[in-house]
Amino acid sequence: MSIYNRIIAACIGLALVAILPFGIMSYLSGKQILQTSVQERLNAVANNQRDKISHVITAWQDRVALIASRTQLRVSLKDYLLTGNPSALAKVNKILSDAQHSVRAVDSIAVGPINGPAIATAGNTLTQMELTPAIPRHKPKIRLVSFATDTQDTLYVRLETAMELEGEIIGRVVVTLHADELLKATRDYTGLGQTGETILTAYDTKYQPVYLSPLRHKPSTPLQQIPSYTINKANLLLAGLSGKEGLMEQVADYRGVVVMAATRYIPEMQWGLVVKMDQQEILSPIANFQKQLILVAIALLFTAVVLGIVLARAIVMPIRALASNTQKIQQGELNLRTRIPSSQTPELQELAISFNRLTENLIETKSTQELHVEEQTRKLQNLNQKLEQRLNSSARNLQQNQFELTALREALSETRNELIHSDKMAALGSLMASLSQEIIKPLGSAITAVSNLQTTTVEKKASTDTRQLDGEELSCHLDLIINTCNQLQTQLNFVSAMTSDTRQITLDLLNPDIRTIELAPYLKKLAASMQPILKSTSYHISITCPHSLQISTYPGALVQALTTLIVGALHRTRETPPQQLAEISIYAEEGAGVCCLQVNVSGLEIAPNQLASMFEPFDTTLRNTEEPVSRLFIVRKIITDTLKGTINCTSTPGQGCCFTINLATLENKHPVVQHAQELLNE
């Protein structure tokens, strides 16, 4: 947002900050004051209307009492009731007629016994609508009997009282009066405005609520029954009848319009009085005040906008002039300077002077920077030339080092292959040497037996030539021949078995092809071929393998790995040889696409901190060793590179060491194809 718009927005904001709190407070305060004033007015009108109606009721009672208090009327009535004298009845009628004409608002009068029909009447006879008689707490002598209307909907009220003579009740009088005073009191809308009205309600003989007076906003007649839907809509009509007096601020009337009403109860007649006004009329001054506030707010906002525009132009125009001059100076007009009229404020003039000084300083700084840039450019060019020379030299050195690293990697690969081949030959030589030692003894025994047999046979031949050989000597000689042959057969079978197992292992070491082997017999042959090596130790080999387990792999590499692993493990046990007969157990099982071999060496314990380094090329954990490279490193290389498997080691104190080997099943490919695949993988 620009400064121009911000200044205008600030002026509008200040105006709103000043208007809104004042307007809201004024509106709320005015509304509260107005509602309080209307509440007081409604309460005053309700009390006034109740007093008026009470005065009307008192006037009615006074008139009835005046008629009932006529002595001649009571004497004549008693005379007639006791004797049936016609002159007494005529006198009663004359007195009633005089009273009907002389007492104000009397429509008719009737007298009679306490528990009987009227015997004398004066005035009109009306259709009556009985109301529930009022039974006040003090039981007044005059009580309301009923209301009635004529054909012109004129309202009449009928009152009754007992007639006493010398302390004795002799009869009763019923007076029908015009209720125009009551209607006049309810139609007095003074202080109630255009929508206010006074509603007078009562219960009829069926205990149904009725209007005693006509309604202001709806055509109606006196004694009209209140509909049930109107009662449900306007509960305030029943509030007065229930004896509740108070103020109801938000309530709906018989029209469904929200009004404010004051309710009163007239106990002597059990009437309900409701004085009400529409909320819309009550709040109309507030609405007018609100409109005036809105007009004032609009005027103030307009003034704030005009003031903001004038103020913004006075501030922004010089700043825009400075910005324009800045762009021109940037485009090359270095001699341009800003001039502010003397009519502007001192602050803007000071800003223009500072801007001109800044422009001159920028011009000087620019000249200095250009000279400095030229000098730095020359230095940078020289530095770039030197860097290019160094980069060329480094590139040549890097290329030479790359050639040397390639040659070194090839040499290391050849060395690794030679090391594995040497280990293979060493394992083969160890097997052959052990085999030779095992064969020498049975062959020596066989040669000795043959030599003894030859000597004995020569002697027996000489005896035969001299005919000195008897049958017993011949039989003993033949037994000797048989025993010697059996001994020769046993020794030669042992040599044959040893050479056969060793021959198969040797062929597999020399032949690198993939072959499918039955693992159980193959492991047993391997264990038999290693017996000469284990003979000088306290270890023996046990094999646990399913007879149906077959695997496609490099048998020679497997033999070399297991042989080197066992020899390496035996080499480690020299440091802490077992105290009793120990065991090397080989357990094999088939998994999901792999063959798992577990080689457990009892009596061999390796510290946890040495497990990670035991498969390294140069194992520093071995103290007394002359090996240039760790045997276990060779084992790991054979298993991971050739057999495509994995090996790991765990050691448990008191139980020994466990080597776990997972071997993958290899595809039996032609050697040329296999060699080409390895080259592609590399």
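This is a predicted model, so every value here is computed, not measured.

A. Structural view of the environment of Y587. Looking at where Y587 falls in the secondary structure, it is placed in strand β16 (residues 582–590). With 73 residues separating them along the chain, Y587 and T660 place their C-alpha atoms 9.6 Å apart. Discounting chain neighbours no more than four positions away, the residues touching Y587 are T544, C596, L597 and Q598.

B. Fine view of the state of the cysteines. Counted according to the given criterion, the structure contains zero disulfides. In this structure C545 is not part of a disulfide, and its nearest cysteine sulfur, from C595, lies 6.8 Å away. C596 forms no disulfide, and the closest cysteine sulfur to it belongs to C595, at a distance of 7.3 Å.

C. Molecular detail of the sheet that holds strand β7 (residues 197–203). The six strands are arranged β9-β8-β7-β12-β11-β10 in an open sheet whose pairing can be described as antiparallel. Only two strands of the sheet have a single partner each, and these edge strands are β9 (224–225) and β10 (246–252). Pairing of β10 with strand β11 (residues 258–266), which is carried by five bridges, proceeds in the antiparallel orientation. The residue bridging A252 from the neighbouring strand is V258, located in β11.

D. Region of interest: the confidence of the model for the protein. A residue-level look at the protein finds 77% of positions with pLDDT of 70 or above and a mean pLDDT of 77. Predicted confidence for residues 127–140 stays below pLDDT 50, and this span has 34 contacts to residues more than four positions away or in other chains. Note on residues 623–629: pLDDT is under 50 here. Beyond four places in sequence and across chains, it has nine contacts.

E. How the structure looks around the side chain of S542. Tracing the backbone through its elements, the reader meets S542 in strand β14 (residues 539–544). Setting aside its immediate chain neighbours within four residues, S542 contacts E583, I584, S585 and I586.

F. Up close: the pattern of salt bridges. Scanning all chains against the criterion turns up 14 salt bridges. Across the pair D98 and K94 runs a salt bridge, and its minimum N-O distance is 3.3 Å. Highlighted residues: D98 and K94, both in helix α3 (residues 86–102), separated by four residues, approximately one helical turn. On the basis of relative accessibility, which here comes to 56%, the residue K94 falls in the exposed class. Shared partners join several salt bridges into a network, and the residues in it are E197, D253, R255, K276 and D278.

The rules behind these values
Residues numbered from 1 in each chain as written. Predicted model: local features only at pLDDT ≥ 70, side-chain atom pairs only at ≥ 80, totals over all residues. Heavy atoms only, no water. Helix = DSSP H or I, 4+ residues; strand = E, 2+ residues; numbered from the N terminus. Contact = heavy atoms within 4.5 Å. Disulfide = S-S within 2.5 Å. Pairing = 2+ DSSP bridges. pLDDT = per-residue confidence, 0-100. Salt bridge = Lys/Arg side-chain N within 4 Å of Asp/Glu carboxyl O. Buried < 20%, exposed > 50% of the residue type's maximum accessible area, 1.4 Å probe, protein only.

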